[in-house]
Amino acid sequence: PKPDSEQFEGTLFVDNSQVAVDSISSDKASPARRAMAREELNRLKVAIAELPERTRVAVEMHRLGGFKLKQIAAHLGISISLAQLLVTEGISHCHDRLHEDEK
């Protein structure tokens with residue numbers, strides 16, 4: 001069955017990032033650690049926003065929604081191997097953007 005696109009399109013990342021911010025805020029971490037975590041979350045939001053829409057949807061569905069590649073492929077109308085490629089490329093982009101200061 002094809003997943004309901006209303007569940008992810010443009011909202012999944014925002015909803016989950018708010019949960020992450022709330023979790024950071026309620027954590028017993030130091031103020032400096034919370035600030036670092038918020039900055040990292042903001043960089044991740046930017047990195048995801050930079051992705052082409054189809055790649056962004058695939059990454060959000062897989063990493064934030066817990067959907068299988070088969071479900072992502074059905075939702076996007078693509079092959080499972082292309083869904084895997086989109087997720088892999090999207091995650092690689094996000095990783096590179098989060099760690100570009102270390103290079």
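Residues numbered from 1 in each chain as written. Predicted model: local features only at pLDDT ≥ 70, side-chain atom pairs only at ≥ 80, totals over all residues. Heavy atoms only, no water.

Caption draft 1: Region of interest: the overall build of the chain. If you tally the helices and strands in the chain, you get 5 helices and 0 strands. Listing every helix and strand of the chain by position from the N terminus yields α-α-α-α-α. Looking at the chain as shown, the accessible area adds up to about 6600 Å², and 53% of this sits on carbon and sulfur atoms. (Helix = DSSP H or I, 4+ residues; strand = E, 2+ residues; numbered from the N terminus. Areas by Shrake-Rupley, 256 points an atom, 1.4 Å probe, with all protein chains shown as cover.)

Caption draft 2: Quick look at helix α4 (residues 69–76). All of the buried residues along α4 are I72, A73 and H75. All buried residues of α4 project into a common sector of 165° when viewed along the axis, lining one side. Looking at the buried residues of α4, the elements they touch are α3 (53–64) and α5 (80–98). G77 sits one or two positions beyond α4 and adopts a positive phi of about 70°. (Buried < 20%, exposed > 50% of the residue type's maximum accessible area, 1.4 Å probe, protein only. Arc of directions from axis to C-beta. Contact = heavy atoms within 4.5 Å.)

Caption draft 3: Layout of the nonpolar core. Core analysis: the largest hydrophobic core is formed by 10 residues, namely V57, A58, M61, F67, I72, A73, I78, A83, L86 and V87. Taken together, the elements giving at least two residues each to this core come down to α3, α4 and α5. (Core = buried A, V, L, I, M, F, W, Y, C linked by side-chain atoms within 4.5 Å.)

Caption draft 4: Just α5, in detail. For α5, which comprises 19 residues, the first-to-last C-alpha distance of 27 Å matches the rise-based estimate of 27 Å (1.5 Å per residue) to within 8%. For α5, the set of buried residues is A83, L86, V87, G90, C94 and L98. Down the axis of α5, the buried set is contained in an arc of 95°. They therefore lie on one face. The secondary structure elements touched by the buried residues of α5 are α2 (31–50), α3 and α4. (Expected span 1.5 Å × (residues − 1).)

Caption draft 5: Quick peek at the packing of α4 against α5. At a minimum axis separation of 8 Å, α4 and α5 run at an interaxial angle of 100°. Overall, the two elements α4 and α5 adopt an arrangement that is roughly perpendicular. From α4, L69, K70, I72, A73 and L76 reach across to α5, where they touch I80, A83, Q84, L86 and V87. (Axes fitted to C-alpha atoms, helices over the stretch in contact; angles between N-to-C directions. Parallel < 35°, antiparallel > 145°, perpendicular 65-115°, else oblique.)

Caption draft 6: Here's a closer look at the confidence of the model for the chain. For the chain, per-residue confidence averages 80 on the pLDDT scale, and 73% of positions sit at 70 or higher. Predicted confidence in the chain is weakest over helix α1 (residues 12–26), with a mean pLDDT of 49, and strongest over α4, with 97. The low-confidence segment residues 1–15 (pLDDT under 50) makes 30 contacts with residues lying over four places distant or belonging to another chain. (pLDDT = per-residue confidence, 0-100.)

Caption draft 7: The arrangement of the environment of L85 in detail. With respect to the helices and strands, L85 occurs in helix α5. Through-space distance from the C-alpha of L85 to that of T55 is 8.9 Å; in sequence the pair is 30 residues apart.

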